[in-house]
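Residue-level structural notes
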Amino acid sequence: MSSQRQVTIPECPLVVGSVASLNHLACLQPVELPQQCDLLEIRLDAMSGHMDALELELDRFKDFPLLFTARCAAEGGAAVLSLEERAELLMAVADRATWIDVELASYNGLEKTIHEIRSREVGLILSYHNFDHTPEEFQLQRMVDMAEEADIVKLALYHKSVKDFPLCTSLLQRNTHPMAIMGMGPLAPVSRMLYAQHGSLLNYGYLGSEPTAPGQWPAELLKTAIAALDPITKAPSNEPQGL
Ligand SMILES: O=C1C[C@@](O)(C(=O)O)C[C@@H](O)[C@@H]1O
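Structure report, in brief. (Residues numbered from 1 in each chain as written. Predicted model: local features only at pLDDT ≥ 70, side-chain atom pairs only at ≥ 80, totals over all residues. Heavy atoms only, no water.)

Here we come to the pattern of salt bridges. Opposite charge on two side chains allows them to pair when their charged atoms are near. What the rule picks out here adds up to 15 salt bridges. A salt bridge links E57 to R60, with the shortest nitrogen-to-oxygen separation between them at 3.0 Å. On the basis of relative accessibility, which here comes to 17%, the residue E57 falls in the buried class. Across the pair K62 and D59 runs a salt bridge, and its minimum N-O distance is 3.5 Å. By relative accessible area, K62 is classed as exposed at 60%. (Salt bridge = Lys/Arg side-chain N within 4 Å of Asp/Glu carboxyl O. Buried < 20%, exposed > 50% of the residue type's maximum accessible area, 1.4 Å probe, protein only.)

The following block contains the structure:
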């Protein structure tokens, strides 16, 4: 990693507007984006056959921070893409990126690409997605520890029970590494409010008409709601953690 890199870690929770279709991207107006989100996520895995058209669209968003994701199918990607194809997609947009998001599980396979892109002062999100359940706290903590190199560690977890809330708030409170956590499923909307209050830095909502994960809020509504919340500060270490 170059010592020249200057990635700015957000100081307060941001809203990421996620787009997984070229049509939806084409309908977005750059001038309206700031009221909808702070960062625009482009899901490259859903647009891989249309890179020329995407490049043209992206020319309209030169003044807005862009986050690029080429998600693997095993963690919710829209297409089955090889590591080489995903590396190619990320490299094609590297000069436009403020952030890239790569699964922790793909880190080794994409390491060379990650280092090349990071040398251009692009922030790295290392992520884990589970569309079935929320793993045990020690398993999640292990992932956070393994993702030490990330500028932000991100966990997107299907919540089956309200018991998953204190587990995730505890992770947010216990770790000093910049983090983003979000629930998916019917409990997702509440979780996203709660975790933003506990310092989750990236909070995803959808732009256009289709969520890119189960339970997402529309981005603009999420931005308005998060702006109305007061942060819950970390508990002192001699007090119980979590909720
Ligand atoms: O990983 C994430 C988070 C997400 O899965 C969510 O739960 O909002 C949505 C995805 O587009 C994004 O890449």
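Now for unusual backbone geometry. In this model, E121 sits at a positive phi of 65°, which is unusual for a non-glycine residue. Its place among the elements puts E121 in the loop between α5 (111–118) and β5 (123–130). (Helix = DSSP H or I, 4+ residues; strand = E, 2+ residues; numbered from the N terminus.)

It is the contact of helix α4 (residues 83–92) with α5, at a shortest axis distance of 10 Å, that shows an interaxial angle of 5°. Compared by their axis directions, α4 and α5 come out roughly parallel. When α4 is examined against α5, the residues A87, L90 and M91 are found in contact with a partner set consisting of T113, E116 and I117. A class-by-class count of the residues in the contact of α4 with α5 yields four nonpolar, one polar and one charged. (Axes fitted to C-alpha atoms, helices over the stretch in contact; angles between N-to-C directions. Parallel < 35°, antiparallel > 145°, perpendicular 65-115°, else oblique. Contact = heavy atoms within 4.5 Å. Nonpolar A, V, L, I, M, F, W, Y, C, P; charged D, E, K, R; others polar.)

Function cannot be inferred from these measures alone, as they are strictly geometric.
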